[in-house]
Amino acid sequence: MKHRALFNTCPDGEFFGRVSEIDCILRRAAADNKPAPSILLFGGRWTGKTEVLRRVFHNLFWGQARVVPVYYQFKGYGTVEDFSEDYLKEVLKQYLAFRMREPRFVRDGISLDKIEKLLVDNDMYELADIAALHREARKSNDASAALKNALHAPAAITRVSGIPVYMVLDDIDLAEYQGPSGRGAAVARELISSLSSSDFSFVAAASSKRVLEGNAFGSVEAMELAGLDEELSSSMMTDLCRQYNIESDTDMLRLAAFRLDGNPMYLKSLVWAAAKSGMRLKSLKDFADLYTQELFDGNIGFALRAAMGLKSINDLRVLHACSAASAPLSDEELMERFRFSSAEMREILNSLSEAGLVEVNLGSVKWSGDATIKDFVYFIYETRVKGRSIDEVRTYLAREVLKQGFDFKGSRINLKLANEVSDTVKSFNNQKVLKVLFRNQAFNAKFKNGAYKVSADRKEDEELDLPQVVGCFDTVRLESGEAGPPILIAHGFQNGRYDSGSEVVWIVSVKDAPAPVNLGDVDNFLRRSQILRENFRAARVVRWMIGKDGFTFEAQKKIEAEGVYSSDPVQLRIIKEGLVDPDGASRLRIAEKIVPVKEFEVVLPSATKAELVAARAVEEIGTEMGFDEVAIGQIKAALVEACINGFEHSRNKAAKVFLRFVSSVDRLTIHVQNGGVDFDKPSSAAATEPDAALPRKRGWGFELMRGLMDEVRMEKVRGGAKIVLVKYLVKKGDGRNGQEV
Amino acid sequence: MVKKYRNFKEVGDAVVIYSDNYINDIEGEKLEDLCASYMERGFTSIVIDFSETDLVNSIGVSILIGIIEKVRDCKARIAFSGLKRVNYDIFSIVGLTKHIEIFDTEEDAVNGRVPQEMVTS
């Protein structure tokens, strides 16, 4: 049996996520419509672009026959002729490898003469002519003929062979740095011209989308490869820690994953460093020690040093200035600050831009590195330029890491509630809701213990007209340095009239701490909103306070007296659910129909029969809500299917499945999310079986869910997929639950 | 002659197999092995009683389809009994109820009394 390896890739056990991206590229590459749509895969350094492309190539090489895959990685060459020869060699030998099913040709370096001979021996004379043409061009020192011949070879092969070539181009943004200074632009120009050909398609990886700007590639889809999301990257670290027997703490790994931007190279390096030094990853201190050690003296530092390729101390000065600036700097500003001539400045910026550390656009220089590179730049700048000792800088960075880590948990929660508030105000859409949902004191009096109490005070049944919100933003820019909970500004129009008289601004304070809003918080909000309203003089201002843990009695009194709206998370959830659901809107206007929403979360570990834990949980919740036995059975069976599907499609063995149960007035909604790729799609084979034949054996999961629940939705979320299952408590037009199957 | 064991009962040339509370891949394969061994021993009628089964997942369903296929290939008879409503729903969604006799009780299934169309819990 042949050795099937092609290009080097990391072991499968150390490759996480990216399955949906690889699937998407493969689907496009082998699509029926020719040429297939091209793709630009862009993302920061070491986010796994090369690994993705090589796996795409491997799959295309072994798994299909519609296109001939050719992988090429741009690197630096001394001359344009050298680059042309290298490119042509790869195109021709990989074509031969694919046609002859000979992976050795991909792996081994073969001279162009040998390739030409192989082409002749296999009766591919027209392709051998392409190699001969290159030889002639080199003989007559015609670099541009050689370049043109090489870059247009994929189109020529496609025309001659009738099978389209599919180019897999790695580090395409380095194309303009092929050959000696000044010649790179010619290479880039010719490359763009060849890729614009309608004969073949490509997938290309670059550090940014910039390569698409102003280039006539034709139709190219941009696909971002960001760091792994928090869930997947912490699962990856958990898996690696298990493999290397490193004692770890889940929260700590989550923090590390967040701090390292989900960058697979950083994450792996950190775990390897822990394994090598026998350290644990159990506390913030462990992480800070390991991280700074890796940055200064480990694999991360070594890789960064090599990749950044700083040529002079001036490069470092400029880079440090860009990394420390909160906004892009102008090249003039940098020239003036460091006393550079424009030629010097240009050279420095070219070098930094080539390394993907800054983006230069019309005189504006923008930092494009990540937080780890920023720390590394800080370290070398402080030690080399400022002359501080390594220990001193290391202590400073470790202290910063500890401080950030400490803030990490709180900031994530803040983000969560603030996002929810932002989503809610954006869905106001001129709808009407009961005022009681914006008055916490009255709401609590009315719905104590979840039951509606009839009140003589009909003021609670008054309605509130919500505006059409056109934008929602935080106040960081408007009140820098202010202490207190975050404030959101929602700007909109009232009563469906878009004139100055109808302009309205909602100033919303979000306290997401495990303590109720107190008198101090209210005073803080009143003062800040008074200052903020100066920015929106023309508009009517509405103030709204949201407290994760409710409000103290004194705070409620003052809020009422000041005419400020107030809501807790229960009210917020009712508003949000009602506003986004067209059937729910009427519910928000009838007090008797308002029932506090309850939420439960369950995390399932990857274990045998873990789905039964979910089934038991939903049985409890369903019974409490009043579903009958039949409906509960149906929900349990559907949920079991969703969980199995979630585990099956998670990227790694230790992955968990996250469940959120939301019980509201008329329905139970269950969100089932994994940290991997898409769940199974509904099977299309159902209708094709003849009556006499037994049903097909596999692929029933989604159809079962659909048959047993009232609604089943699949949603794509960052880094994974989600199934949403909905069961109505009382089906419309039906007196019983779960009757229609 | 009737021989009763914990998971199955032999009634002449018929066997009643009592399935587990949850039929997934593991339990499904156990059922499959049990059916195969009884067919090898010459039993011509197999009844699977689901009275104790609360849930059958899709993998369990696929194994059950495989069992039905094998039993039919051996020209033997297979029937289900004691289905809870949700399990009937599941078999109905996959279209299995058109292909198999379903009875209220194991006795009816063994004796081959007229199967009822719908079983409720």
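Scoring rules and cut-offs
Residues numbered from 1 in each chain as written. Chains lettered and ligands numbered in written order. Predicted model: local features only at pLDDT ≥ 70, side-chain atom pairs only at ≥ 80, totals over all residues. Helix = DSSP H or I, 4+ residues; strand = E, 2+ residues; numbered from the N terminus. Buried ≥ 20, exposed ≤ 12 C-beta atoms within 10 Å, placed from the backbone. Contact = placed C-beta atoms within 7 Å. Nonpolar A, V, L, I, M, F, W, Y, C, P; charged D, E, K, R; others polar. Core = buried A, V, L, I, M, F, W, Y, C linked by C-beta atoms within 7 Å. Pairing = 2+ DSSP bridges. Axes fitted to C-alpha atoms, helices over the stretch in contact; angles between N-to-C directions. Parallel < 35°, antiparallel > 145°, perpendicular 65-115°, else oblique. pLDDT = per-residue confidence, 0-100. Arc of directions from axis to C-beta. Expected span 1.5 Å × (residues − 1). Left-handed = near helix turned anticlockwise from the far one by under 90°.

Just give me the short version of the overall build of chain B, but keep the residues and values in it.
Along the backbone of chain B there are four helices and eight strands. Starting at the N terminus and ending at the C terminus, chain B contains elements arranged as β-β-β-β-α-β-β-α-β-α-β-α. Burial statistics for chain B: of 121 residues in total, 47% are counted as buried. Of all intrachain contacts in chain B linking residues separated by at least 6 positions in sequence, the fraction that spans at least 24 positions is 70%.

Outline the overall build of chain A, listing residues and values.
Looking only at helices and strands, chain A features 26 helices and 20 strands. Here the analysis covers contacts within chain A between residues at least 6 apart in sequence; of these, 70% occur between residues at least 24 apart.

I'd like a rundown of the interface of chain A and chain B, residues and numbers included.
Residue-level contacts link 22 residues of chain A with 22 residues of chain B. Looking at which element gives the most residues to the side of chain A that touches chain B, the answer is helix 25 (residues 629-648) of chain A, with nine residues. For the side of chain A that touches chain B, the residue count by class is 12 nonpolar, four polar and six charged.

With reference to specific residues and values, describe the nonpolar core.
Counting residues in each nonpolar core, the largest one holds 71 residues, and the members touching the most others are Ala638, Leu639, Cys643, Met705 and Leu725 of chain A together with Ile46 and Ile90 of chain B. At 10 residues, helix 25 of chain A tops the list of elements feeding residues into this core. With near-sequence residues (within four places) excluded, Ile90 of chain B lies in contact with Ala637 and Leu704 of chain A together with Val56 and Val61 of chain B.

Give a detailed account of the sheet that holds strand 2 (residues 68-73) of chain A, specifying residues and quantitative values.
Residues and elements named next belong to chain A. The strand order 2-3-4-1-5 describes an open sheet built from five strands, whose pairing is parallel. Of all the strands in the sheet, the pair left with one neighbour each is strand 2 and strand 5 (220-224). Averaged over all neighbouring strand pairs, the angle between strand axes comes to 15°, with direction disregarded. Bridge analysis of strand 2 against strand 3 (residues 165-170) gives six bridges, and the strand direction is parallel. What sits directly across from Tyr71, in strand 3, is Val168.

Tell me about the packing of helix 15 (residues 313-324) of chain A against helix 17 (residues 342-354) of chain A, and please be specific about residues and values.
Each pair of packed helices can be described by the angle between their axes along with the distance between the axes. Residues and elements named next belong to chain A. Interhelical geometry of helix 15 versus helix 17 gives an angle of 70° and a closest axis separation of 10 Å. One way to sum up the angle between helix 15 and helix 17 is to call them roughly perpendicular. Counting all contacts with helix 15, which are made through Asn314, Asp315, Val318 and Leu319, the residues of helix 17 involved are Ile348, Ser351 and Leu352. In terms of residue class, the contact of helix 15 with helix 17 is built from four nonpolar, two polar and one charged.

Outline the confidence of the model for chain A, listing residues and values.
Residue and element names in this part refer to chain A. On average, residues of chain A score 83 in pLDDT, and 85% of them reach the 70 mark or higher. Ignoring residues within four places in sequence, the model shows residues 684-688, a span with pLDDT below 50, making three contacts including any to other chains. In this model residues 731-741 is a low-confidence stretch, pLDDT under 50, and it forms 21 contacts with partners more than four residues away in sequence or in other chains.

An account of the environment of Lys276 of chain A is needed here, citing residue identities and associated values.
The residue Lys276 of chain A is located in helix 12 (residues 264-277) in this model. Taking the C-alpha atoms as reference points, Lys276 of chain A and Tyr244 of chain A, 32 residues apart in sequence, are found 9.4 Å from one another.

Lay out helix 5 (residues 112-121) of chain A with the relevant residues and their values.
All names here are of chain A. Of the residues making up helix 5, those classed as buried are Ile115, Glu116, Leu118 and Leu119. Down the axis of helix 5, the buried side of the element spans an arc of 160°, and every buried residue falls inside it. What points out from helix 5, more than 90 degrees from its buried face, is the exposed set Asp113 and Asp121. Buried residues in helix 5 make contact with helix 3 (80-100) and helix 6 (125-139). Where helix 5 ends, the next residue or the one after it, Asp123, has phi of about 60°, a positive value.

Provide a residue-level description of the sheet that holds strand 15 (residues 565-567) of chain A, including the pertinent values.
Residues and elements named next belong to chain A. If you trace the five strands from one edge of the open sheet to the other, you get 11-12-13-14-15, paired in mixed fashion. A strand with exactly one partner marks an edge of an open sheet, and here the two such strands are strand 11 (468-474) and strand 15. Strand-to-strand twist of the sheet, defined as the mean angle between neighbouring strand axes without regard to direction, takes the value 20°. Sheet analysis places strand 14 (residues 540-547) next to strand 15, joined by three bridges and oriented parallel. Residue pairing in the sheet places Met545 in a bridge with Ser566 of strand 15. Relative to the sheet, helix 21 (residues 519-532) contacts strand 12 (487-493), strand 13 (503-511) and strand 14, its axis offset from that of strand 13 by approximately 150°.

Break down unusual backbone geometry for me, with residues and values.
In this model, Asp261 of chain A sits at a positive phi of 55°, which is unusual for a non-glycine residue. Structurally, Asp261 of chain A can be placed in the loop between helix 11 (250-259) and helix 12. A positive phi is found at Lys75 of chain B, a non-glycine position, where the angle reads about 60°. Within the secondary structure, Lys75 of chain B is located in the loop between helix 2 (58-73) and strand 7 (77-81).

Report on the pairing of strand 8 (residues 364-367) of chain A, specifying residues and quantitative values.
Two faces, one strand: in a regular strand the side chains alternate between the faces of the sheet. Residues and elements named next belong to chain A. Only one face of strand 8 is covered, namely the one carrying Val365 and Trp367; the face carrying Ser364 and Lys366 has none of its residues buried. Across two bridges, strand 6 (residues 329-330) lies against strand 8 in antiparallel orientation. For Ser330, the partnering residue across the bridge sits in strand 8 and is Ser364. Here strand 7 (residues 358-361) runs beside strand 8; their pairing, made up of four bridges, is antiparallel. Bridging across to strand 8, Val358 finds its partner in Trp367.

How would you sum up the environment of Glu231 of chain A? Please name residues and give values.
With respect to the helices, strands and loops of the structure, Glu231 of chain A is situated in helix 10 (residues 230-243). Separated by 443 residues in sequence, Glu231 of chain A and Asn674 of chain A place their C-alpha atoms 8.9 Å apart.

Before we move on, could you go through helix 13 (residues 284-297) of chain A and cite the residues and values that matter?
Between its first and last C-alpha atoms helix 13 of chain A spans 20 Å; for 14 residues at 1.5 Å apiece the expected length is 20 Å, and the two agree. Listing the buried residues of helix 13 of chain A in full gives Leu284, Phe287, Ala288, Leu290, Tyr291, Thr292, Glu294 and Leu295 of chain A.

Describe in detail the packing of helix 25 of chain A against helix 26 (residues 701-708) of chain A, supporting the description with residues and values.
Residues and elements named next belong to chain A. At a closest axis distance of 9 Å, the pairing of helix 25 and helix 26 adopts a crossing angle of 150°. Of the possible angle classes, the one that applies to helix 25 and helix 26 is roughly antiparallel. You can see that helix 25 and helix 26 cross each other, and the crossing is left-handed. On the side of helix 25, the interface is formed by Gln634, Ala637, Ala638, Glu641, Ala642, Ile644 and Asn645, while helix 26 contributes Gly701, Leu704, Met705 and Leu708. Grouping the amino acids of the contact of helix 25 with helix 26 by side-chain chemistry returns seven nonpolar, three polar and one charged.

Give me the lowdown on the environment of Ile546 of chain A, citing residues and values where you can.
Residue and element names in this part refer to chain A. Tracing the sequence through the fold places Ile546 in strand 14. For the pair Ile546 and Val508, spaced 38 residues apart in sequence, the C-alpha to C-alpha distance is 7.4 Å. Setting aside residues no more than four positions away along its own chain, Ile546 makes contact with Val421, Val508, Ser509, Val510, Lys511, Ser567 and Leu572.

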